[in-house]
Amino acid sequence: MTSTPGGAGPGTIAILIARYGRHWLISEAMGGGYYAVRRHSLSKEFLDRRNLSNVMCAGTLGEMSRRLAAEREREDRPLE
């Protein structure tokens, strides 16, 4: 299992998969870091309206955790 230096964020990728894996495929990237891809792509209109993405990359597990949490927050926020 991969650890995050200094304990910043989740300790293993398994924690992220348990938390977000229902909606995201999360994996280590070949060149280092991590990537996440939505299991079911969202329409461009929905993505644009809520400032979301179907794919994201991060250098550390902590960064990926923060990005996924922010994405979930934007998804759940009511439209004005």
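Here the structure is a predicted model, which means the values were calculated and not measured. The residue numbering used here restarts from 1 in each chain and proceeds along that chain's sequence as written. Only residues with pLDDT of at least 70 get local features here, since the model is predicted, and only at 80 or more are side-chain atom pairs given and counted; chain-wide, interface and lining totals rely on the full set of residues. With hydrogens and water stripped out, all remaining heavy atoms of the structure feed into the side-chain values.

Caption draft 1: Summary view of the sheet that holds strand S2 (residues 34–38). Strand pairing is assigned whenever DSSP identifies at least 2 bridges connecting the two strands. Strands here are runs of E lasting at least two residues and helices are runs of H or I lasting at least four, both read from the DSSP assignment and numbered beginning at the N terminus. Across the sheet, 3 strands lie side by side as S1-S2-S3; this open sheet has antiparallel pairing. On the outer flanks of this sheet lie strand S1 (24–28) and strand S3 (55–58), each paired with one strand and no other. Between one strand axis and the next, the sheet turns through 15° on average, direction left out of account. Across the sheet, helix H1 (residues 13–20) is in contact with S1 and S2; its angle to S1 comes to roughly 170°. Here, two residues are considered to be in contact whenever any of their heavy atoms come within 4.5 Å of each other. Between N-to-C directions, angles span 0 to 180 degrees; the directions come from axes that are lines fitted to C-alpha atoms, helices contributing only their stretch in contact. Lying on the sheet, helix H3 (residues 61–76) is in contact with S1, S2 and S3; it crosses S3 at an angle near 150°.

Caption draft 2: Layout of the nonpolar core. Side-chain atoms within 4.5 Å link the members of a nonpolar core, which is a set of buried Ala, Val, Leu, Ile, Met, Phe, Trp, Tyr and Cys residues. When accessible area is computed with a 1.4 Å probe and restricted to protein chains, residues below 20% of their type maximum are described as buried, those above 50% as exposed, and intermediate ones as partly exposed. One finds Ile13, Leu16, Tyr20, Trp24, Ile26, Tyr34, Ala36, Met56, Ala58, Leu61, Met64 and Leu68 forming the largest nonpolar core, which totals 12 residues. Within the residue set of this core, elements represented by two or more residues are H1, S1, S2, S3 and H3. Ignoring sequence-local partners within four residues, the contact set of Met64 consists of Leu16, Tyr34, Tyr35, Ala36, Met56, Cys57 and Ala58.

Caption draft 3: Up close: the side chain of Glu71. One can find Glu71 in helix H3. Overall, Glu71 belongs to the buried group, its relative accessible area being 2%. Excluding its chain neighbours within four sequence positions, the residues that come into contact with Glu71 are Trp24, Arg38, Asn51, Leu52, Ser53 and Met56.

Caption draft 4: Seen up close, the environment of Arg22. Note on placement: Arg22 falls in the loop between H1 and S1. In this structure the C-alpha to C-alpha distance between Arg22 and Arg39, which are 17 residues apart in sequence, comes to 7.8 Å.

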